Amino acid sequence: MGDSTSATDEAGDDAPAVPDIDLPGDAFDAVLDALADREAGDPLRFEGFSVARDEDAEFVLDGGDRRTGLSERDLHAALDERAPAVTDWYAFERVVGEFGPRRAFVRWIEDADGETVAARYAALAAGVERAWGELKITATVTDRGERRYDVRHADDAGVPVDDLDAHDDPLDARDLVTLDEKGRYRPLKTAPSLAGGWVFPDLGPRDLYETVETIYPATVANWHREREGNLDVNHWRETMERQSGIYGVVKTWDRGEGHEHVNWVAEACCDDSQCLKRREWGYDEDTDLDVDGGDGVFPCREPCSVVVSAARKWTRLESEQPRTYEFDLTPSEKEQVEDIIDAVADGRTDEIREADTKEGANRYRTRFLRAKLFDDEGNLGGVPTDADEE
């Protein structure tokens, strides 16, 4: 059992304790394999020390006190004393694997690029929590230095695992994201409508990545591209210009009259209340939109299929010529119409109680307004709609 000390230990009685870590045989074998692949004298570096083979096939440990002529058994004993650093190397170099979005994501969860091994292991022993959209991810470490992850809906934080539907296969997430809590299909996987009641309680790093990418497709990959400065953003104009078939009509919405219509689209579809991504695309490369892009941790690199589909409908609707209609409404009725539009747009209709007739969008008040103002043909104020001539 390796004993570890850190600044965390010295910070006071309230600081998390660094756990004792056993050196697993797999980790030690991985060190030997890595040294076998190196030239004699080429060190394998860990936090705070390094190890190399010498010309006599013995080992050298350099970390303040240089130790030479170590046998394999001596090396194992020395590395067991430094088990946190060795298992940390093993976790990322061998278990997580190559540099890329998966490795960056796992390291981000435990702030591996900003904290020492000792500080991270102390935090992991207590549980490190990260938010990713509506997910709550809790990372822990075993006494062998293995990372384990609990993934669940943020609303289920603190709920015992036995009270949730437990899963261990990342592919199970495909069924969990299909419908919202009311059983309605979710066309946009990054909408804030993810149903809860489930948990992946014991995932390894690779399965963690697959689970998160299944729940929120391409979010980790695009987050990593952005961090590396390689996020390829496709703006509104270039995205619409490449539409074809039934979606080709959206090209006609850009009439050289500014981009206010795109502001309306972004406000309708891309607000944080509708999508958890942070919109990075604008009207074109030189023109930002005038509405906020959101605060999500992962970026949106182009107008998605939901935006394109909605834009197709709005292109047709916005091609109609304005008409002037006259209705007689009381001030309260005008405000009620505004309340109804707001409630529908914000998805609040289910929150309005039937008995709460103070709410303009209350069902009974709305039915009363319809009974009063609609004629037998369903025309508001008895005024027929003047359709555009084809």
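Residues numbered from 1 in each chain as written. Predicted model: local features only at pLDDT ≥ 70, side-chain atom pairs only at ≥ 80, totals over all residues. Heavy atoms only, no water.

In the annotation of an unreviewed UniProt entry, the protein is listed under the name DR2241 stabilising domain-containing protein and assigned to Halorubrum tebenquichense DSM 14210.

Peer 1: Go over the packing of aromatic side chains with me, naming the residues and quoting the values.
Peer 2: A complete count under the given rule lists 14 aromatic pairs for this structure. Each ring, one from F105 and one from W223, has its centre 6.0 Å from the other, and the planes form 85°; the classification is edge-to-face. With F105 in helix 5 (residues 101-109) and W223 in helix 9 (residues 219-227), this residue pair connects regions lying 118 residues apart in the sequence. Owing to a relative accessible area of 0%, F105 belongs among the buried residues under this scheme. The buried category is assigned to W223, whose relative accessible area is 4%. With 5.6 Å between their ring centres and 40° between their planes, Y216 and F298 make a pair best called tilted. Here Y216, found in the loop between helix 8 (205-215) and helix 9, pairs with F298, found in the loop between strand 10 (278-279) and strand 11 (299-300); they are 82 residues apart in sequence, far enough to count as distant. Chaining the aromatic ring pairs together yields one cluster made of F105, W108, W132, Y216, W223 and F298. Of note, R82 hangs over the ring of F49, and the distance from its end group to the ring centre comes to 5.5 Å. Across the ring face of W108, the terminal group of R130 is positioned such that the distance to the ring centre comes to 4.1 Å. (Phe/Tyr/Trp six-rings, centres within 6.5 Å; stacked < 30°, edge-to-face > 60°. Helix = DSSP H or I, 4+ residues; strand = E, 2+ residues; numbered from the N terminus. Buried < 20%, exposed > 50% of the residue type's maximum accessible area, 1.4 Å probe, protein only. Lys NZ or Arg CZ within 6 Å of the ring centre and 35° of its normal.)

Peer 1: Quick one: what's the story with the layout of surface pockets, residue by residue and with numbers?
Peer 2: The computed volume of the largest pocket comes to approximately 1200 Å³. Lining the largest pocket are 41 residues, and of these P192, S193, S273, Q274 and G347 sit closest to its centre. Those elements that place two or more of their residues in the lining of the largest pocket are helix 11 (260-269), helix 12 (305-318) and helix 13 (331-345). Partitioning the lining of the largest pocket into residue classes produces 19 nonpolar, 7 polar and 15 charged. (1 Å grid on protein atoms, 1.4 Å probe; cavity = no way out; pocket = protein on both sides within 12 Å on 5 of 7 lines; lining within 4 Å. Points joined across faces, edges and corners; volume = space filled by probe spheres on them. Nonpolar A, V, L, I, M, F, W, Y, C, P; charged D, E, K, R; others polar.)

Peer 1: Before we move on, can you summarise the domain arrangement of the protein with the specific residues and values?
Peer 2: When the domains of the protein are assigned, the result is domain 1 (6-89), domain 2 (97-225), domain 3 (232-317) and domain 4 (331-389). In this structure, domain 1 and domain 2 have C-alpha centres spaced 30 Å apart. With 15 residues of domain 1 in contact, the opposing surface of domain 2 contributes 15 residues. The interface formed by domain 1 and domain 2 holds 2 salt bridges in total. In terms of residues, the side of domain 1 that touches domain 2 owes the most to one element, helix 4 (residues 83-96), which gives 4 residues. For the side of domain 1 that touches domain 2, the residue count by class is 8 nonpolar, 3 polar and 4 charged. (Domains from an automatic or database assignment. Contact = heavy atoms within 4.5 Å. Salt bridge = Lys/Arg side-chain N within 4 Å of Asp/Glu carboxyl O.)

Peer 1: Tell me about the pattern of salt bridges, and please be specific about residues and values.
Peer 2: Counted according to the given criterion, the structure contains 26 salt bridges. Where R102 meets E98, a salt bridge forms, and the shortest distance between an N and an O atom there is 3.3 Å. Look at R102 and you get buried, because its relative accessible area is 12%. Taking relative accessible area as the criterion, E98 reaches 53% and is therefore assigned exposed. Among the salt bridges present, the one from R152 reaches D150, with a minimum N-O distance of 2.9 Å. Owing to a relative accessible area of 6%, R152 belongs among the buried residues under this scheme. Relative accessible area serves as the criterion here: at 12%, D150 is assigned to the buried category. Several salt bridges share partner residues, and in doing so they unite D88, E110, R120 and R147 into one network.

Peer 1: Hey, could you go over the sheet that holds strand 1 (residues 44-46) for me, with residue numbers and the actual values?
Peer 2: Read from one edge to the other, the open sheet built from 4 strands follows the order 1-2-3-4, with strand pairing classed as antiparallel. In this open sheet, the two edge strands, each paired with only one partner strand, are strand 1 and strand 4 (67-70). Averaged over all adjacent pairs, the angle separating strand axes in this sheet is 20°, with direction ignored. As defined by bridge partners, strand 1 adjoins strand 2 (residues 49-53) across 3 bridges and the pair is classed as antiparallel. Bridging across to strand 2, F46 finds its partner in F49. Where helix 3 (residues 72-81) meets the sheet, its contacts fall on strand 2, strand 3 (59-62) and strand 4, and the angle it forms with strand 4 comes to roughly 135°. (Pairing = 2+ DSSP bridges. Axes fitted to C-alpha atoms, helices over the stretch in contact; angles between N-to-C directions.)

Peer 1: Mind laying out the sheet that holds strand 7 (residues 147-153), listing which residues take part and the relevant values?
Peer 2: As summarised here, the arrangement of the 5 strands in space is 5-6-7-9-8, forming an open sheet in which the pairing is mixed. A single partner strand is all that each edge strand has here, and the edge strands are strand 5 (128-132) and strand 8 (165-166). The sheet contact formed by strand 7 and strand 9 (residues 198-203) spans 3 bridges and is antiparallel. Note that in strand 9 the partner of V151 across the bridge is F200. Contacts between helix 8 and the sheet are confined to strand 5, strand 6 (135-141), strand 7 and strand 9, with strand 9 contributing the most and set at about 155° to the helix.

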